[in-house]
Amino acid sequence: MLRAFFLISLLLAIAWFAVFGFRGQKSTRPEIEIFPDMVRQPKVRAQAESKFFADQRGGRQPIAGTVPIGYDMPMPHDEGSAVDAKGEGAMHAHLGFTEGTDYYNTGKMGANWGTGIPMNVTPQLLERGRQRFDINCMPCHGELGNGDGIVKQFGLATVVSLQDDRIRKMPDGEIFETITNGKNTMMPYGPRVVVPDRWAIICYLRTLQRSQHASAADVPADHQADLEKQPEPATK
Ligand code: HEC
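Source: prediction; values computed, not measured. (Residues numbered from 1 in each chain as written. Predicted model: local features only at pLDDT ≥ 70, side-chain atom pairs only at ≥ 80, totals over all residues. Heavy atoms only, no water.)

*Asks:* With reference to specific residues and values, describe the coordination of the iron atom of the ligand.
*Replies:* Every protein donor of the iron atom of the ligand is listed here as His-141 (NE2) and Met-186 (SD), and their distances to the metal cover 1.9 to 2.1 Å. Metal-centred angles of 86 to 178° between the six donor atoms at the iron atom of the ligand mark the site as octahedral. Of this pair, His-141 sits in helix α5 (residues 138-141) while Met-186 is found in the loop between α7 (172-181) and α8 (195-212), placing the two residues 45 residues apart along the sequence. Among the residues examined, His-141 registers a relative accessible area of 11% and is labelled buried. (Donors = N, O, S within 2.8 Å, 3.2 Å for Na, K, Ca; no water. Tetrahedral: all angles 85-135°; square planar, octahedral: opposite > 155°, others 65-115°. Helix = DSSP H or I, 4+ residues; strand = E, 2+ residues; numbered from the N terminus. Buried < 20%, exposed > 50% of the residue type's maximum accessible area, 1.4 Å probe, protein only.)

Okay, structure coming up:
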C-alpha cells in the first residue's frame, strides 16, 4: 500500500515538473531540445543582417518595376479620358484585378452569366487581346484556339477547343469566369490577368471564332473584289 503511494507521488512529481518544471527560469546554457521541430529556422528575420548578401542587409528591395497584386496603376490621364494616340489610356483605365460584384468584374448579371463586352471595343483593344491571348492562352489552346497548343505534346491532352460550338455559344461572362477562376485542369488566370485584359482576350477570342466560321459572304461588298485576288486558303 505504502509502496503504491510512493510510486504514485513520484509519478505525480515527475508529471508536475514535466509540465510546469523550470518554465520561465533564465539560464545561460543552451536549452535541451529533444524535438526542435521548427523552432530554429534558417531564415532571415525582418531587419536582421544576412551574410548571404554582399551588403549584409537581410531585407531586400523588391525588383525594380514590381507591381503588388491588386494595386491600381497610377493613371497617366484622367480616369475617364479617351483613348490616346496609342490606345494606352484605355489600357491603363481601371487596370486592376476583380473587385466588386458588377458585370465588369465578375461576368455575372445578377444570378446569370451576362454577355457583351463592357468596354469600348476598339482596334487597340483587339490588338491587346491578341497579345494577351498569345501570351496566356495560346500555349494550351493554340494559336487559333482550336486546342492544339504546344502543351499537348507534353501530355496535357484535355485542352478544350475554343472553336467548339459549345464555347462559341457560351456567354462572354462565363468565359470571363473561366479565365478568372479556371475550370477543372485549367488554372485560374484572375491573379495574373487584369480585368480589362480579360475582356480584351474575350474580344479577340470572339474574333478568332468568327474567323474560323466565316464564308465569302461575310466579306464586305467593297472588299469582295480582293477575294478573287487571294489564293484559295488551304482546306483543313
Ligand atoms: C495550362 C493550359 C491552359 C491555359 C494556359 C489556358 N487554358 Fe483554358 N482550358 C485548359 C484546359 C485543360 C481546359 C479544359 C478544362 C476541363 O477539363 O473542363 C480549358 C478550358 C477552357 C474553356 C472552356 C471552359 C468550359 O466551361 O468548358 C475556356 C473558355 C478556356 N479554357 C479559355 C481560356 C482562356 C481565355 C485562356 C487564356 C486566358 C486559357 N483558357 C488558358 C487549359 C488551359
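After that view of the structure, there is still more to cover.
*Asks:* Give a detailed account of the pattern of salt bridges, specifying residues and quantitative values.
*Replies:* Tallying each qualifying case throughout the model produces 11 salt bridges. The closest approach of N and O atoms between Asp-55 and Arg-60, which form a salt bridge, is 2.8 Å. Where Arg-130 meets Asp-134, a salt bridge forms, and the shortest distance between an N and an O atom there is 3.4 Å. On the criterion of helical spacing, the pair formed by Arg-130 and Asp-134 is a turn pair, its members being four residues apart in helix α4 (residues 123-136). Put simply, Asp-55, Arg-57 and Arg-60 are held in one network by salt bridges that share partners. (Salt bridge = Lys/Arg side-chain N within 4 Å of Asp/Glu carboxyl O.)

*Asks:* A description of the site of the ligand should follow, citing residues and the corresponding values.
*Replies:* Inspection of the region around the ligand gives 21 residues, with Cys-137, Cys-140, His-141, Arg-166 and Met-186 positioned closest. At a separation of 2.7 Å, a nitrogen atom of the ligand approaches a polar side-chain atom of His-141. At a separation of 3.0 Å, an oxygen atom of the ligand approaches a polar side-chain atom of Asn-184. Of the residues in the shell around the ligand, the class split is 13 nonpolar, six polar and two charged. (Near = heavy atom within 4 Å. Polar contact = N/O pair within 3.5 Å; in protein donor to acceptor, adjacent residues only side chain to side chain. Nonpolar A, V, L, I, M, F, W, Y, C, P; charged D, E, K, R; others polar.)

*Asks:* For a nonpolar patch on the surface, give the residues involved together with the corresponding values.
*Replies:* The grouping of Trp-16, Phe-17, Val-19, Phe-20 and Phe-22 at the surface amounts to a nonpolar patch, some 610 Å² of accessible area in total. Within the secondary structure, Val-19 sits in helix α1 (residues 2-20). (Patch = residues over 30% accessible without salt bridge, like charges linked within 9 Å, V, L, I, M, F, W, Y side chains within 5 Å. Areas by Shrake-Rupley, 256 points an atom, 1.4 Å probe, with all protein chains shown as cover.)

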